[in-house]
Amino acid sequence: MLTNLTNLTLEQFWTLPEGETAYELIDGQAIPKVSPKYFHSSLQRALLRLFDAWCPGNGRIRPEWSVILKRNGSPWVPTPDLTYISYARLPKSWKRNEACPIPCDLAIEIISPDQTFKQLADKALDYIKAGVLRVWVIDPETFSITVFLRDGSRSSFSGDAKIIDALLPGLEITPKVIFEEAELL
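What you are looking at is a predicted structure, and each value in this text was computed from that prediction instead of being measured.

(A) Representation of the environment of Y84 in the model. The topology assignment puts Y84 in strand β6 (residues 82-86). Along the sequence, Y84 and F39 sit 45 residues apart, while their C-alpha atoms lie 21 Å from each other. Not counting residues up to four positions away in its chain, the partners in contact with Y84 are W54, C55, N58, G59, R60, I61, C104, D105, L106 and L168.

(B) Quick look at the sheet that holds strand β10 (residues 154-158). Strand order in the open sheet formed by six strands is β3-β6-β7-β8-β9-β10, and the pairing between neighbours is mixed. A single partner strand is all that each edge strand has here, and the edge strands are β3 (59-63) and β10. Averaged over all pairs of adjacent strands, the angle between strand axes in this sheet comes to 15°, irrespective of strand direction.

(C) Molecular detail of the pairing of strand β1 (residues 23-26). As paired strands, β1 and strand β2 (residues 29-32) are joined by four bridges and run antiparallel to one another. Following the sheet pairing, E24 is matched in β2 by I31. Hairpin remark: β1 followed by β2, antiparallel, with two residues in the connecting loop; positive phi at D27, about 50°.

(D) Representation of the pattern of salt bridges within the structure. All chains considered together, the criterion is met by eleven salt bridges. A salt bridge links R96 to E98; the nearest nitrogen and oxygen atoms lie 4.0 Å apart. For K118, the salt bridge identified is with D122, shortest N-O distance 2.9 Å. Taken together, the positions of K118 and D122, both in helix α3 (residues 117-129) and four residues apart, correspond to about one turn of that helix. Given a relative accessible area of 54%, K118 falls into the exposed group.

(E) Seen up close, α3. Taking 1.5 Å per residue, 13 residues should reach 18 Å; α3 reaches 18 Å between its end C-alpha atoms and fits that length. Buried within α3 we find L120, A121, K123, A124, D126, Y127 and I128.

(F) Seen up close, the nonpolar core. If you look at the biggest cluster of nonpolar residues, it comprises 28 residues, and the most contacted ones within it are L47, F51, W136 and L168. Secondary structure elements with two or more residues in this core: α2 (38-54), β6, β7 (106-110), β8 (134-139), β9 (144-149) and α4 (175-181). Excluding anything up to four places from it in sequence, F51 contacts I61, L106, I108, W136, L168 and L171. Grouped together as the second largest cluster of nonpolar side chains are 22 residues, I26, V67, L90 and Y127 included.

(G) Spatial organisation of the side chain of R71. Following the sequence through the fold, R71 ends up in strand β4 (residues 69-71). There is a polar contact of 2.7 Å between the side chain of R71 and the side chain of D27.

What counts as what
- Residues numbered from 1 in each chain as written.
- Predicted model: local features only at pLDDT ≥ 70, side-chain atom pairs only at ≥ 80, totals over all residues.
- Heavy atoms only, no water.
- Helix = DSSP H or I, 4+ residues; strand = E, 2+ residues; numbered from the N terminus.
- Contact = heavy atoms within 4.5 Å.
- Pairing = 2+ DSSP bridges.
- Axes fitted to C-alpha atoms, helices over the stretch in contact; angles between N-to-C directions.
- Salt bridge = Lys/Arg side-chain N within 4 Å of Asp/Glu carboxyl O.
- Buried < 20%, exposed > 50% of the residue type's maximum accessible area, 1.4 Å probe, protein only.
- Expected span 1.5 Å × (residues − 1).
- Core = buried A, V, L, I, M, F, W, Y, C linked by side-chain atoms within 4.5 Å.
- Polar contact = N/O pair within 3.5 Å; in protein donor to acceptor, adjacent residues only side chain to side chain.

Here it is in structure tokens:
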């Protein structure tokens, strides 16, 4: 068992024991993920339910599913709150008990009380640079969702503003519906 959680290779990171603490590999360090609080957990559940209703035939959505990426030329293994990957990118026949092996279509991050929007916006840009096609940053304090696109642009949505995206064909969703499903409105 490794006692030093710094200067890890990707192979060493995978040998960390599974337990109550989940880790992300960032700049060679195993960084513990924040334990979700009520708003975070409620939003994650609501999004999972809403995406589950839409996903059949399109792809898969999974909570806390790590993605193998590169950041600044080094292995990076973030664990989005929700990871969506289309069957076009990772076929339905793929069934392995491992991290998502390619950049996902959509990474969803929910701001926790000890995080700032800027921290997650910076992480969203890292996701985009690593090949993730879209990133949603959800702010439970402002009841808003900011969508980051591959071209570096971003748009914020709140209330009844529909999030419609060709990447997610047929999905039309509003922040209000998500926050109501989470029982936060």
